[in-house]
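An overview of the molecular structure
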Amino acid sequence: MHNEHPQKLEAALYVVATPIGNLRDITLRALEVLAAADVVAAEDTRNTAHLLTHHGISANKLIAVHQHNERGAAEKIIALLQAGQSVAFVSDAGTPAVSDPGALLVQAVRAAGLRVIPIPGASAAMAALSAAGLSEPHFLFYGFLPNKSAARCTALQSLISHPYTLVFYEAPHRIVECVADLCAVLGGERQIVLAREITKLFETIHACALHDAEAWLQSDSNQQRGEFVVLVSGAVPQPGLSVETLNTLALLLEELPLKQAVQLSAKISGANRNELYQRALQIKSPE
């Protein structure tokens, strides 16, 4: 598919996005870089070998860079770059260094004064956002929440007053309990979009009120399979209380008894104490 002598690449680390499911979701530029690179550094060499051979590119130039050897591999890659070699870096799927290995490698290469060149492409979060139909102009990409429920609820408490669409990644074996915690902490009135198996055969994008999401997942165990992007609509700003004031209140409630948190929030923000008190009750025990 590719000519035998692709154009020589500049010695740099090319951060290459790869498909998240459908093998054709790879850009022409990404294919050119993977074919021309002296070395391809991959999170999982077997996975990447499949992608390369599918596109007629030799898999002989693969080396492994995963989360357990990222620091050591960075030294090896820096030595290759300093010797004038070009290195393409790919993760298992999607854009490297976004909820994936790669950030430490990129940091080390940049610190060594060498060039890093992004080759953009598929990203599960962006694909899900584009098909979610949530109209807020801003989004907060959170990635993976903590595995355990108590830590997950604590993390969600800190997001409760953000007026942005919240974007999470979740694994199939945790999706039901994650949705239950989202509902308990953020309240069931918000919109949720469950985007599953994006670009794959059984792709499903389901939108509903948060209080209906757990029942929908439980009604068909097939809907609990595969990797999830979970999008939740942002907080509706309360009249009279700014986002900053709500953030302050939420943070103080984590550390102090309700009455003290309300008093301090009122002092810091100058907001109405009764309004703050009502809001504090909602945060502490959402409907």
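Structure shown above.
Described below are features of the structure shown in this document. (Residues numbered from 1 in each chain as written. Predicted model: local features only at pLDDT ≥ 70, side-chain atom pairs only at ≥ 80, totals over all residues. Heavy atoms only, no water.)

Moving on, we come to the pattern of salt bridges. Where charged atoms from two side chains of opposite charge come close, those side chains can pair. All told, the structure shown has 7 salt bridges when counted by the stated rule. A salt bridge links Arg46 to Asp44; the nearest nitrogen and oxygen atoms lie 3.5 Å apart. With a relative accessible area of 68%, Arg46 lands in the exposed category. In this structure, Lys200 and Glu197 form a salt bridge, with 3.7 Å as the shortest nitrogen-oxygen distance. Lys200 gets classed as partly exposed once you look at its relative accessible area, which sits at 34%. (Salt bridge = Lys/Arg side-chain N within 4 Å of Asp/Glu carboxyl O. Buried < 20%, exposed > 50% of the residue type's maximum accessible area, 1.4 Å probe, protein only.)

Among the secondary structure elements, Glu170 is positioned in strand E7 (residues 165–170). Here the side chain of Glu170 touches Arg174 through a polar contact of 3.0 Å, side chain to side chain. Excluding its chain neighbours within four sequence positions, the residues that come into contact with Glu170 are Phe144, Ile175, Cys178, Glu227, Phe228 and Val230. (Helix = DSSP H or I, 4+ residues; strand = E, 2+ residues; numbered from the N terminus. Polar contact = N/O pair within 3.5 Å; in protein donor to acceptor, adjacent residues only side chain to side chain. Contact = heavy atoms within 4.5 Å.)

Attention now moves to the nonpolar core. Soluble globular proteins tend to pack their nonpolar side chains together in the buried interior. Among the nonpolar cores identified, the biggest contains 38 residues, and Phe168, Leu182, Ile192, Leu194, Val230 and Val232 are the most heavily contacted of them. Considering each element in turn, this core owes the most residues, 7 residues, to helix H7 (residues 175–186). Look past the residues within four positions of Leu182 in its chain and what remains in contact with it is Leu156, Phe168, Gly187, Ile192, Leu210, Val230 and Val232. Ranked by size, the runner-up nonpolar core spans 22 residues in total, among them Tyr14, Leu31, Ala35 and Val40. (Core = buried A, V, L, I, M, F, W, Y, C linked by side-chain atoms within 4.5 Å.)

Turning our eyes to something else, we now look at the sheet that holds strand E10 (residues 228–232). The strand order across the open sheet formed by 5 strands is E6-E7-E10-E8-E9, and the pairing between neighbours is mixed. On the outer flanks of this sheet lie strand E6 (139–144) and strand E9 (204–209), each paired with one strand and no other. Across this sheet, the average inter-strand angle for adjacent strands is 15°, counted without regard to direction. The sheet contact formed by E6 and E7 spans 5 bridges and is parallel. Looking at E7, one finds that Leu140 is bridged to Leu166. Helix H5 (residues 124–132) contacts E6, E7, strand E8 (191–196), E9 and E10 of the sheet and is inclined by roughly 50° relative to E10. Most of the contacts of helix H8 (residues 210–219) go to E9, to which it runs at about 135°, and overall it touches E8, E9 and E10. (Pairing = 2+ DSSP bridges. Axes fitted to C-alpha atoms, helices over the stretch in contact; angles between N-to-C directions.)

Structural measurements only, silent on function.
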